[in-house]
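Chain by chain, the residues run as shown.
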Amino acid sequence: MLPKVSIVVPVYNVEKYLRQCLDSVINQTLTNIEIICVNDGSTDNSLTILQEYADKDSRIRVIDKPNSGYGHSMNIGFQLCTGEYIGIVESDDFAKSEMFEILYKIAIENDLDIARCHFFTFTQKDSSIKKIDSYQMETNVLINPQNDLSPFLQWPSVWANIYKRTFIQENNLKFLETPGASYQDTAFSFKVYACATRMMLIDAPLIYYRIHDQSSIKSKDKVFCICDEFNEIMAFCKNKMLYEKLKYLICYLQYKSYKWNYNRLEMPHRYLFLLHWSKEIRKNSEIYSRNNPFFIFKDLKKIVVIKLLPLLYRYRNEL
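Note that the structure is a prediction, hence the values are computed from the model and not measured.

Trainee: Explain the overall build of the protein chain to me, using residue names and the numbers behind them.
Mentor: Counting its secondary structure elements, the protein chain contains eleven helices and nine strands. For a compact globule of 319 residues, the expected C-alpha radius of gyration is about 20 Å, and the protein chain comes in at 20 Å, within 12% of that figure. Burial statistics for the protein chain: of 319 residues in total, 53% are counted as buried. Intrachain contacts of the protein chain at a sequence separation of at least 6 include 79% that bridge at least 24 residues. For the protein chain, the computed accessible surface area is about 14800 Å², with 51% contributed by carbon and sulfur atoms. When the 40 positive and 37 negative side-chain charges of the protein chain are each reduced to one mean point, those points stand 8 Å apart.

Encoded structure:
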């Protein structure tokens, strides 16, 4: 009998948190699951821990490969899934024991492409927990993202969803395989919602997203990863003839994501990214304008500063 849910766990140097993650997955109340752990060339004891758990639980399959990044790991994991639905638990996060039973039941009852839940943030520094609601979406109602754009306005949080496997395969939905592990959920989430017609959000938080102390981006290789994600989104939409319909939404999401990226960068990467951002706004001035229904006045004021006087934004980004 095929598993009801395949759970993909991408792993890279997370020995400190991995046992808590795996315990939360193997102790799911939905027992007919497969657990595909993709080790992305970890240099700590992560692989040893994975093999230890696999020896004790036949549902666990460990894939060990050279380091190639989060996107490649996710694509490998998705390709190997055999379940009716696919879920994700990142190896430094942990799920409530009832998570996949609840989401699977809702998905099957409503023939969903995607079932989604709320989630908690877990701040490692002080162990504080905060509930994060997908507040712009209605709960417990069928949503068609073709007509209702609210799913696009949530955190990407690919691990708060389960996806019908045939839906993923038929639409050839994949993660962008850029190096490292920055923002690869951005384009994937957008592409998933752009293709889905049946989605539902349940009114319960079921997974804990761990926030690490390392919140800034120091590697120069990751500075422009978010730009790669939006290039992928635009290429996908143009290929699917969706760009004209979604261009203002894409622009708005790009603005919000670029702001987030900018605030995580350290100098001199922050300044270089700001110059690139300014150039993109000038290039796409028609959609970075008051014509865009998603922008409020405060957004437009910041956009003008970034476009014309990026150094002013650098020193007065509280505008």
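Trainee: Run through empty space enclosed by the protein, naming residues and quoting values.
Mentor: Per the stated rule, a full pass over the model turns up two cavities of 30 Å³ or more. Considering only enclosed or pocket space, the largest cavity measures out at about 50 Å³ in volume. In this structure, the largest cavity is lined by M234, Y243, K247, I250, C251, Q254, N284, I287 and Y288. Partitioning the lining of the largest cavity into residue classes produces six nonpolar, two polar and one charged. One number sums up the size of the second largest cavity: a volume of about 40 Å³. Among the elements of the structure, α6 (184-195) and α8 (243-264) are those that each provide at least two residues to the lining of the second largest cavity. Here the lining of the second largest cavity is composed, by residue class, of six nonpolar, one polar and one charged.

Trainee: Explain the nonpolar core to me, and be specific about the residues and the numbers.
Mentor: If you look at the biggest cluster of nonpolar residues, it comprises 101 residues, and the most contacted ones within it are F190 and W277. Sort the elements by how many residues they give to this core and α8 lands first, with ten residues. Apart from the residues lying within four places of it in its own chain, the contact partners of F190 are F152, I233, C237, L246, L249, I250 and L253.

Trainee: Now, about unusual backbone geometry: what can you tell me, with residues and values included?
Mentor: Omega for the peptide link from M267 to P268 comes to 5 degrees, which places this bond in the cis form. Residue position: P268 is located in the loop between α8 and α9 (269-283). Not every positive phi belongs to a glycine, and N140 is a case in point at roughly 60 degrees. Mapped onto the elements of the fold, N140 is located in the loop between β7 (128-132) and β8 (161-164). A relative accessible area of 48% places N140 in the partly exposed class. Not every positive phi belongs to a glycine, and M241 is a case in point at roughly 60 degrees. If you trace the backbone, M241 turns up in the loop between α7 (225-239) and α8.

Trainee: Pulling in residues and values, what's your account of the packing of α6 against α7?
Mentor: Helix-helix packing is described using two parameters, namely the angle between the two axes and the distance between the axes. Relative to each other, α6 and α7 sit at 20 degrees, their axes nearing to 7 Å. Classified by the interaxial angle, the pair formed by α6 and α7 is roughly parallel. Handedness of the crossing formed by α6 with α7: right-handed. Two secondary-structure elements touch here, α6 through Q184, T186, A187, F188, F190, K191, A194 and C195 and α7 through I226, E229, F230, E232, I233, F236 and C237. Residues of the contact of α6 with α7, tallied by class, amount to ten nonpolar, two polar and three charged.

Definitions and limits used
- Residues numbered from 1 in each chain as written.
- Predicted model: local features only at pLDDT ≥ 70, side-chain atom pairs only at ≥ 80, totals over all residues.
- Heavy atoms only, no water.
- Helix = DSSP H or I, 4+ residues; strand = E, 2+ residues; numbered from the N terminus.
- Rg over C-alpha atoms; globule rule 2.2 N^0.38 Å.
- Buried < 20%, exposed > 50% of the residue type's maximum accessible area, 1.4 Å probe, protein only.
- Contact = heavy atoms within 4.5 Å.
- Areas by Shrake-Rupley, 256 points an atom, 1.4 Å probe, with all protein chains shown as cover.
- Lys, Arg positive; Asp, Glu negative; His and termini not counted.
- Charge placed at Lys NZ, Arg CZ, Asp CG, Glu CD.
- 1 Å grid on protein atoms, 1.4 Å probe; cavity = no way out; pocket = protein on both sides within 12 Å on 5 of 7 lines; lining within 4 Å.
- Points joined across faces, edges and corners; volume = space filled by probe spheres on them.
- Nonpolar A, V, L, I, M, F, W, Y, C, P; charged D, E, K, R; others polar.
- Core = buried A, V, L, I, M, F, W, Y, C linked by side-chain atoms within 4.5 Å.
- Axes fitted to C-alpha atoms, helices over the stretch in contact; angles between N-to-C directions.
- Parallel < 35°, antiparallel > 145°, perpendicular 65-115°, else oblique.
- Left-handed = near helix turned anticlockwise from the far one by under 90°.

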